[in-house]
Amino acid sequence: MKTQRKQTQNTRQKLYRQIITVLLIIQTMLIGINAENRLDQGDSTIEILLWIVKESISLVKQASSLQEKQKKSLLPQHRRSEDK
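Residues numbered from 1 in each chain as written. Predicted model: local features only at pLDDT ≥ 70, side-chain atom pairs only at ≥ 80, totals over all residues. Heavy atoms only, no water.

### Topic: the overall build of the protein chain
A tally of regular secondary structure across the protein chain gives 3 helices and 0 strands. Listing each helix as α and each strand as β along the protein chain from the N terminus yields α-α-α. Counting all 84 residues of the protein chain, 10% fall into the buried class. (Helix = DSSP H or I, 4+ residues; strand = E, 2+ residues; numbered from the N terminus. Buried < 20%, exposed > 50% of the residue type's maximum accessible area, 1.4 Å probe, protein only.)

### Let's talk about the nonpolar core
In terms of nonpolar packing, the biggest core is built from 6 residues, these being Leu-24, Ile-31, Ala-35, Ile-48, Trp-51 and Leu-59. Secondary-structure elements contributing two or more residues to this core are helix 1 (2-40) and helix 2 (45-74). When neighbours within four sequence positions are excluded, Leu-59 is seen to be in contact with Leu-24, Gln-27, Thr-28 and Ile-31. (Core = buried A, V, L, I, M, F, W, Y, C linked by side-chain atoms within 4.5 Å. Contact = heavy atoms within 4.5 Å.)

### So, the side chain of Arg-38
Relative to the elements of secondary structure, Arg-38 occurs in helix 1. Here the side chain of Arg-38 touches Glu-47 through a polar contact of 3.3 Å, side chain to side chain. For Arg-38, the residues in contact, after removing those within four places along its chain, are Asp-43, Glu-47, Ile-48 and Trp-51. (Polar contact = N/O pair within 3.5 Å; in protein donor to acceptor, adjacent residues only side chain to side chain.)

### Here we look at the pattern of salt bridges
Counted under the stated rule, the structure contains 2 salt bridges. The residue Arg-38 makes a salt bridge to Glu-47 at a minimum N-O spacing of 3.3 Å. With relative accessibility at 17%, the residue Arg-38 sits in the buried group. Judged by relative accessible area, which is 41%, Glu-47 ranks as partly exposed. (Salt bridge = Lys/Arg side-chain N within 4 Å of Asp/Glu carboxyl O.)

Okay, structure coming up:
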């Protein structure tokens with residue numbers, strides 16, 4: 001019974017990771033599309049590069065935060081209660 005529950009949980013976590021990965025990829029693509037639109041509107045290349053770096057840092061922070069949450073959810077129950 002416990003192994004089946006664990007397998008279901010692992011499958012669910014894997015699905016969540018895949019969904020989050022796809023969403024982060026889409027967000028990255030949208031950053032690129034937005035940058036291209038800004039170039040077409042005549043914005044400065046340097047200004048756009050700075051904007052891309054800022055957006056990318058934000059994206060990396062989001063991914064890192066999600067990874068930390070995932071690691072915490074994988075810790076044994078008694079360990080998680082100590083972290084709170």
